[in-house]
Amino acid sequence: GQQLNQSPQSMFIQEGEDVSMNCTSSSIFNTWLWYKQEPGEGPVLLIALYKAGELTSNGRLTAQFGITRKDSFLNISASIPSDVGIYFCAGQKAGGTSYGKLTFGQGTILTVHP
Amino acid sequence: ETGVTQTPRHLVMGMTNKKSLKCEQHLGHNAMYWYKQSAKKPLELMFVYNFKEQTENNSVPSRFSPECPNSSHLFLHLHTLQPEDSALYLCASSPTWSGGSSYNEQFFGPGTRLTVL
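In this report, we go over the structure that sits alongside the text. (Residues numbered from 1 in each chain as written. Chains lettered and ligands numbered in written order. Predicted model: local features only at pLDDT ≥ 70, side-chain atom pairs only at ≥ 80, totals over all residues. Heavy atoms only, no water.)

1. So, the overall build of chain B
Here is step 1: Tallying secondary structure elements over chain B gives zero helices and 11 strands in all.
Here is step 2: When the helices and strands of chain B are read in sequence order from the N terminus, they spell out β-β-β-β-β-β-β-β-β-β-β.
Here is step 3: Rg of the C-alpha trace for chain B: 14 Å, near the compact-globule value of 13 Å for 117 residues, within the 12% margin.
Here is step 4: Along the first, second and third principal axes, the C-alpha atoms of chain B reach 45 × 30 × 25 Å.
Here is step 5: Put simply, chain B has 117 residues, and 49% of those count as buried.
Here is step 6: Counting contacts in chain B only where the partners sit at least 6 residues apart, residues at least 24 apart contribute 55% of the total.
Here is step 7: Accessible surface for chain B amounts to roughly 5,400 Å². Of this, 50% is attributable to carbon and sulfur atoms. (Helix = DSSP H or I, 4+ residues; strand = E, 2+ residues; numbered from the N terminus. Rg over C-alpha atoms; globule rule 2.2 N^0.38 Å. Buried < 20%, exposed > 50% of the residue type's maximum accessible area, 1.4 Å probe, protein only. Contact = heavy atoms within 4.5 Å. Areas by Shrake-Rupley, 256 points an atom, 1.4 Å probe, with all protein chains shown as cover.)

2. Here we look at the state of the cysteines
Residue and element names in this part refer to chain B.
Here is step 1: Taken as a whole and judged by the stated rule, the model has two disulfides over all chains.
Here is step 2: Between the sulfur atoms of Cys23 and its disulfide mate Cys91 the distance is 1.9 Å. Measuring handedness by torsion sign, the sulfur bridge of Cys23 and Cys91 sits at about -70° and is left-handed. Note that Cys23 is positioned in strand β3 (residues 18-25) and Cys91 in strand β9 (residues 87-94), a separation of 68 residues in sequence. Take Cys23 and Cys91: they sit in the same class, and that class is buried.
Here is step 3: Cysteine Cys68 remains unbridged, with the sulfur of Cys91 as its closest cysteine sulfur at 8.9 Å.
Here is step 4: The exposure class of Cys68 is buried, given its relative accessible area of 11%. (Disulfide = S-S within 2.5 Å.)

3. Considerations on the pairing of strand β5 (residues 44-49) of chain A
Here is step 1: Pairing of strand β4 (residues 29-37) of chain A with β5 of chain A involves five bridges; the strand directions are antiparallel. Following the sheet pairing, Trp32 of chain A is matched in β5 of chain A by Leu49 of chain A. (Pairing = 2+ DSSP bridges.)

4. What about the side chain of Gln6 of chain A?
Residues and elements named next belong to chain A.
Here is step 1: Looking at the element boundaries, Gln6 is found in strand β1 (residues 5-7).
Here is step 2: Overall, the relative accessible area of 5% leaves Gln6 in the buried class.
Here is step 3: A distance of 2.6 Å separates the side chain of Gln6 from the backbone oxygen of Tyr87, its partner in a polar contact.
Here is step 4: Excluding anything up to four places from it in sequence, Gln6 contacts Met21, Asn22, Cys23, Trp34, Tyr87, Phe88, Cys89, Gly105, Gln106, Gly107 and Thr108. (Polar contact = N/O pair within 3.5 Å; in protein donor to acceptor, adjacent residues only side chain to side chain.)

5. What about the layout of surface pockets?
Here is step 1: Considering only enclosed or pocket space, the largest pocket measures out at about 630 Å³ in volume.
Here is step 2: Together, 27 residues line the largest pocket, and Ile86 and Phe88 of chain A together with Gln37, Ala39 and Lys40 of chain B are the ones closest to its centre.
Here is step 3: If you list the elements that add at least two residues to the lining of the largest pocket, you get β9 (85-93) of chain A together with β9 of chain B.
Here is step 4: For the lining of the largest pocket, the element with the highest residue contribution is β9 of chain A, accounting for three residues. (1 Å grid on protein atoms, 1.4 Å probe; cavity = no way out; pocket = protein on both sides within 12 Å on 5 of 7 lines; lining within 4 Å. Points joined across faces, edges and corners; volume = space filled by probe spheres on them.)

6. Comments concerning the pairing of strand β4 (residues 31-37) of chain B
Residues and elements named next belong to chain B.
Here is step 1: The element β4 is extensively covered by neighbouring structure, given that seven of its seven residues are classed as buried.
Here is step 2: Of the two faces of β4, the one lined by Ala31, Tyr33, Tyr35 and Gln37 and the one lined by Met32, Trp34 and Lys36 are each fully buried.
Here is step 3: Note: β4 against strand β5 (residues 44-50), six bridges, orientation antiparallel. Across the sheet, the residue bridging to Trp34 is Phe47, located in β5.
Here is step 4: In this antiparallel pair of consecutive strands, β4 and β5, the connection spans six residues, and Lys40 shows a positive phi of 60°.

7. Details of the pattern of salt bridges
All names here are of chain A.
Here is step 1: Taken as a whole and assessed by the stated rule, the structure comprises four salt bridges over all chains.
Here is step 2: Between Glu38 and Lys36 there is a salt bridge, with the nearest N and O atoms lying 3.2 Å from each other.
Here is step 3: On the accessibility criterion, Glu38 (38% relative accessible area) is partly exposed.
Here is step 4: As a salt-bridge pair, Asp83 and Arg60 come within 2.8 Å of each other at their nearest N and O atoms. Of this pair, Asp83 sits in the loop between β8 (71-76) and β9 while Arg60 sits in the loop between β6 (55-58) and β7 (61-65); the two residues are 23 residues apart in sequence, bridging distant segments of the chain.
Here is step 5: Here Asp83 falls in the buried class, since its relative accessible area comes to 5%. (Salt bridge = Lys/Arg side-chain N within 4 Å of Asp/Glu carboxyl O.)

Geometry only, nothing functional implied.
Given below as structure tokens:
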């Protein structure tokens, strides 16, 4: 099936540092989503992107929909301990048969040291 | 409060047992989903329902049987499972895709942690 390559797999950073992670695909997507999952919980939607080149912010989080429609990145500025968790990208391919079918990346495990 | 609840949160069952997972959404959505999340693997879509009708079965073994009696409730009936079926089972909901672009914004419940002995 379709795969998304998400990197890095894990990050260990100091509080206050900026974080960047990305997802790439060999196929074109018409939607990119970024989720965060904390232990014992389901993923929580952070940002949704619908247009190539779109840059969207949610507080200290910024995500962009790549121009080629094959990639997306997420930046977190001035990290804090509560940013700890697993961040997932998800995308939906264009096409009438793809409704409701999200493909997820493998996740980036973020650890923030105080 | 995510608006999507799942029960039970934890379930341990033997391979010969029959059990059911329940999901309920209070967001007014019309599409619901079951996902499987295993360690070190991406989330795997299992089933999709739109207005109570199943629109996707992602080659899921028949020992998993979904049921969607209405747009707010989704069940996953389990029988004769295998140890490799142990995972976190996540339910999600979204607006339907009959119009607009927000249908991809899926909201997840907390999941049921299933252990098959």
